[in-house]
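Residue strings, one per chain:
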Amino acid sequence: MGRVVVVGAGVIGLSCAVRLLEAGHRVDVLARDLPRETTSAVAAAIWYPYRAGPADRVLAWARASYDAFAAIAADQPGSGVRMQEGTEVVGRPSGLTREKPWWSAAVPDLRETVDVPAGYDGGWVFTAPLVEMPLYLDWLSAQVLSLGGSITRLNLHGLPPAGGGGPEAVVDCSGMGAKFLAADPSVRPVQGQVVLVEQVGLERWWLDSASEGPLYVVPRSHDIVVGGTSVDGEWSRTPSPEVASAILRRALRLVPELAGAKVLGHRVGLRPARPEVRLERVGDVVHCYGHGGAGVTLSWGCAREVAELLG
Ligand SMILES: Cc1cc2nc3c(=O)[nH]c(=O)nc-3n(C[C@H](O)[C@H](O)[C@H](O)COP(=O)(O)OP(=O)(O)OC[C@H]3O[C@@H](n4cnc5c(N)ncnc54)[C@H](O)[C@@H]3O)c2cc1C
């Protein structure tokens, strides 16, 4: 088993590093931004296959990740991962039974409900992994180090060459950075803003993926992530106060318990979107980027495939 350089220390790079280390490779992670500075640190993060394709591969990766998160939640209390039931609400013009969501095969306990707030017609209740990203990225980093890997801050102007005394293989998990490192013009930012509010005793998560922008309320140990927005092609990472107010106004209709909750902070991240996730081996380079709004949701499934591609 040879030495592998993983470029990127977001959820994709770190998950790939863990699976490669477990497979016996020597792994060095190189990244301009360390884990808590990445887009991954901004994610809500709830398991949900949002804004990523192609559907068949996404479903398989999401399913594998669901199982991996369930195992982590059961065995690793300090990881920031827990399994929690919640509701995805939907509006519909009639009381007719709808088709199950396209990703329903990935979750074991999906059921229809009419127990939803006023203004919605129904929804789906299911158990989803909730991933408290700052804690989880710390836990993932610790896994990389304890398995013998390294994480080094380095701003690269190109992917490191493989072979000829360098690493045997390079795994490109550079998210938005792949626009330049892989010269891939199809990678584009989809800006997302969230508001962090104080915990008001909320346990269940709530999601409305079909409204004018994604709307989600994700409880964590000490705060609640309330989102969000989805602005194609926007590069700014500066939170907008008007957008924050609109997010909170919409969220109140979904979760009235949030009324009066103190605002603790604002975050903006750029989802690394692409028409389809790129996960393929080209010579000694494995590209794994373009996970859009579902990088956490797809992380373990993709990491397993990357490890398989490198034998
Ligand atoms: C508001 C918001 C909410 C979200 N909620 C969810 C959610 O609930 N569930 C979910 O599954 N997903 C969610 N996402 C999406 C998720 O955050 C992304 O899909 C995921 O973070 C992508 O991970 P990544 O590791 O590919 O990229 P990143 O986390 O961006 O990491 C990329 C890494 O590559 C490095 N890099 C880039 N260029 C270079 C270079 N030139 N040299 C060296 N290193 C470089 C960076 O420094 C960084 O370390 C959300 C995103 C946002 C913005």
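So, a few notes on the structure that sits alongside this text.

Cut-offs applied
Residues numbered from 1 in each chain as written. Predicted model: local features only at pLDDT ≥ 70, side-chain atom pairs only at ≥ 80, totals over all residues. Heavy atoms only, no water. Helix = DSSP H or I, 4+ residues; strand = E, 2+ residues; numbered from the N terminus. Rg over C-alpha atoms; globule rule 2.2 N^0.38 Å. Buried < 20%, exposed > 50% of the residue type's maximum accessible area, 1.4 Å probe, protein only. Contact = heavy atoms within 4.5 Å. Areas by Shrake-Rupley, 256 points an atom, 1.4 Å probe, with all protein chains shown as cover. Lys, Arg positive; Asp, Glu negative; His and termini not counted. Charge placed at Lys NZ, Arg CZ, Asp CG, Glu CD. Near = heavy atom within 4 Å. Polar contact = N/O pair within 3.5 Å; in protein donor to acceptor, adjacent residues only side chain to side chain. Nonpolar A, V, L, I, M, F, W, Y, C, P; charged D, E, K, R; others polar. Axes fitted to C-alpha atoms, helices over the stretch in contact; angles between N-to-C directions. Left-handed = near helix turned anticlockwise from the far one by under 90°. Pairing = 2+ DSSP bridges. Salt bridge = Lys/Arg side-chain N within 4 Å of Asp/Glu carboxyl O. Right-handed = clockwise from strand over helix to strand, strands pointing away. Phe/Tyr/Trp six-rings, centres within 6.5 Å; stacked < 30°, edge-to-face > 60°. Expected span 1.5 Å × (residues − 1).

Along the chain, the regular secondary structure elements total six helices and 15 strands. Taken against the 2.2 N^0.38 rule, which gives 19 Å for 311 residues, the C-alpha radius of gyration of the chain at 19 Å falls within 12% of a compact globule. Taken along the three principal axes of its C-alpha coordinates, the chain extends 65 × 40 × 35 Å. Buried positions account for 56% of the 311 residues belonging to the chain. Here the contacts in the chain between residues at least 6 apart in sequence split such that 74% fall between residues at least 24 apart. On the chain, roughly 13,200 Å² of surface is accessible, and the fraction owed to carbon and sulfur atoms is 53%. For the chain, the centre of its 29 positive side-chain charges and the centre of its 33 negative side-chain charges are spaced 3 Å apart.

Moving on, we come to the site of the ligand. As a matter of local geometry, the ligand sits amid 36 residues, with D33, S40, G292, G295 and T297 nearest to it. S174 is positioned with one of its backbone polar atoms (N or O) 3.5 Å from an oxygen atom of the ligand. At 2.7 Å, a side-chain N or O of T297 approaches an oxygen atom of the ligand. Bound to the protein, the ligand loses 96% of the 1,000 Å² it would expose on its own. Contributions of two or more residues to the shell around the ligand are made by α1 (11-22), β8 (188-198), β13 (263-273) and α6 (295-309). Along the lines of polarity and charge, the residues of the shell around the ligand split into 17 nonpolar, 16 polar and three charged.

Bringing the packing of α1 against α6 into the picture now. Remark: α1 packs on α6, axes separated minimally by 8 Å, with the N-to-C direction vectors making an angle of 35°. Here α1 runs over α6; the crossing is right-handed. Listed contacts from α6 to V11, I12, S15, C16, V18, R19 and L20 of α1 are G295, V296, S299, W300, A303, R304, V306 and A307. Each residue belonging to the contact of α1 with α6 can be placed in one class, and the counts come to 10 nonpolar, three polar and two charged.

Below, the discussion takes up the sheet that holds strand β2 (residues 26-31). A sheet is described by the order of its strands in space; here six strands give the open sequence β6-β2-β1-β7-β15-β14, paired in mixed fashion. Strands at the two margins of the open sheet, each flanked by one partner only, are β6 (150-153) and β14 (278-282). Ignoring strand direction, the axes of neighbouring strands in this sheet form an average angle of 15°. The pairing of strand β1 (residues 3-7) with strand β7 (residues 169-172) spans four bridges and is parallel.

Turning our eyes to something else, we now look at the pattern of salt bridges. By the definition in use, this model includes 14 salt bridges. Between R278 and E280 there is a salt bridge, with its nearest N and O atoms 2.7 Å apart. Among the charged side chains, a salt-bridge network with shared partners connects R3, R26 and D28.

Here we come to the pairing of β1. With four of five residues buried, β1 is to be regarded as a mostly interior element. Of the strand pairs in this sheet, β1 and β2 are connected by five bridges, and their pairing is parallel. Across the sheet, residue V7 finds its bridge partner in β2, namely L30. Since β1 and β2 lie parallel, the crossover through α1 that links them has a hand, and here it is right-handed.

This structure, assessed with the given rule, holds seven aromatic pairs. Geometrically, the ring pair formed by W103 and F126 is tilted, given 5.0 Å between the ring centres and 55° between the ring planes. Here W103, found in the loop between β3 (81-90) and β4 (111-113), pairs with F126, found in strand β5 (residues 122-131); they are 23 residues apart in sequence, far enough to count as distant. Accessibility assignment for this pair places W103 and F126 in one class, buried. An aromatic cluster is built from W47, Y48, Y66, W103, F126 and W205, whose rings are joined through pairwise contacts.

Helical periodicity: at 3.6 residues per turn, an α-helix aligns residues three or four positions apart in one direction. Taking 1.5 Å as the rise per residue, helix α3 (residues 133-146) with 14 residues should run 20 Å; its terminal C-alpha atoms sit 19 Å apart, in good agreement. Immediately downstream of α3, the backbone of G148 shows phi near 100°, a positive value.

With respect to the element layout, P101 can be found in the loop between β3 and β4. Remark: the alpha-carbon pair of P101 and L254, spanning 153 residues in sequence, is separated by 20 Å. Discounting residues that sit within four places of it in the chain, P101 has contacts with L110 and W124.

Take unusual backbone geometry next. In this structure, A45 follows A44 across a cis peptide bond, with omega equal to -15°. Here A45 shows up in the loop between β2 and α2 (55-75). Backbone torsion omega between G53 and P54 reads 0°, so that peptide bond is classified as cis. Mapped onto the fold, P54 is located in the loop between β2 and α2. Positive phi outside glycine occurs at A183, with the angle close to 45°. Along the chain, A183 turns up in the loop between α4 (178-181) and β8.

Treat this as a map of the structure, not an account of what it does.
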